[in-house]
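Single-letter residue listing:
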Amino acid sequence: MSQDVEKKLSHFDNSGQAHMVDVGDKPETKRSAVASGIIKMMPVTLKLIQQGDAKKGDVLSVARIAAIQASKKTSDLIPLCHPIALTRVAITFEVDEKATVITCTATTETTGQTGVEMEALTAVSVGLLTIYDMCKAVDRSMVMSDIKLLEKHGGKSGDWVAK
């Protein structure tokens, strides 16, 4: 591993071993992140979701709760993430009928010593997986994609917004 890469990868110590980053000396600041992703499906699947006729119930309500739960469990899923006391998690779904796509967007916030990007990304991922799980009986061809960080605010590195 080159020294330039090692300097950028904070989850590796000087000898190249994985470790949890020490955030103990960092000041607590307000931090937020926004992430999104999409799930593409057949038109009939989207119609079932919109009409609330899916066999397992209200798909987007269940996916919203799953996404919120996932954001709170991120440190249990991603080995080197710190447990974070989230102060806000908001999940939205936007339906594009023409493209037969649902976009999931997660906004996460905290006041703490480390950021909430992973919590937002985890929320989106699990929200989309829940849609898949609830609709797979009718459409196993659904595709999840474009899961990405849109913006983050706060902390030592300041604000970042995707281009």
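Everything below is about the structure shown above.
Quick summary incoming for the structure in this document. As the structure is a prediction and not an experimental result, all values here were calculated from the model.

Definitions and cut-offs
Along every chain, residues carry numbers that run from 1 in the direction the sequence is written. Restriction of local features to residues with pLDDT of at least 70 applies here, the model being predicted, together with a cutoff of 80 or more for giving and counting side-chain atom pairs; totals for whole chains, interfaces and linings are based on all residues. To obtain the side-chain values, all non-hydrogen atoms of the structure were used and water was disregarded. Among buried residues, the Ala, Val, Leu, Ile, Met, Phe, Trp, Tyr and Cys ones that are joined through side-chain atoms within 4.5 Å form a nonpolar core. Relative accessibility thresholds used throughout: buried, under 20% of the residue-type maximum; exposed, over 50%; partly exposed, between the two (1.4 Å probe, protein chains only). Helix and strand definitions here come from DSSP, where helices need a minimum of 4 consecutive H or I residues and strands a minimum of 2 consecutive E residues; each element is numbered from the N-terminal end. Residues count as neighbours in contact if any of their non-hydrogen atoms are within 4.5 Å of one another. Any two strands with at least two DSSP-identified bridges between them are counted as paired. Whenever a helix is involved, its axis is fitted only over the stretch in contact; in every case the axis is a line through C-alpha atoms, and angles between N-to-C directions fall within 0 to 180 degrees.

So, the nonpolar core
Among the nonpolar cores identified, the biggest contains 26 residues, and Met41, Ile49, Phe93, Ile102 and Ile131 are the most heavily contacted of them. Within the residue set of this core, elements represented by two or more residues are β1 (29-40), α2 (43-51), α3 (59-72), β2 (88-96), β3 (101-112) and α5 (117-135). In terms of residue count, the dominant contributor to this core is α5 (eight residues). In this structure Ile49 touches Met41, Val59, Leu60, Ile102, Ile131 and Cys135, once residues within four positions along its chain are discounted.

A short note on the sheet that holds strand β4 (residues 143-153)
Within the open sheet, the five strands sit side by side as β2-β3-β1-β4-β5. Their pairing is antiparallel. The outermost strands of the open sheet, each flanked by one partner alone, are β2 and β5 (160-161). Inspection of the sheet shows β2 paired to β3 by nine bridges, in the antiparallel sense. Residue pairing across strands places Thr92 opposite Thr105, the latter belonging to β3. Against the sheet, α3 contacts β2 and β3, and its axis sits at roughly 145° relative to β2. Contacting β1, β2, β3 and β4, α5 runs over the sheet at an angle of about 25° to β1.

A closer look at the side chain of Thr107
If you trace the backbone, Thr107 turns up in strand β3. Among residues more than four places away in sequence, those in contact with Thr107 are Ala33, Val34, Arg88, Val89 and Ala90.

Section: the pairing of β3
For a regular strand, side-chain orientation follows a simple rule: the groups alternate between the two sheet faces. For β3, a buried count of nine out of twelve residues is recorded, marking the element as mostly surrounded by other parts of the structure. Here β1 pairs with β3 via twelve bridges, running antiparallel. The partner of Ser36 across the bridge, within β3, is Thr105.

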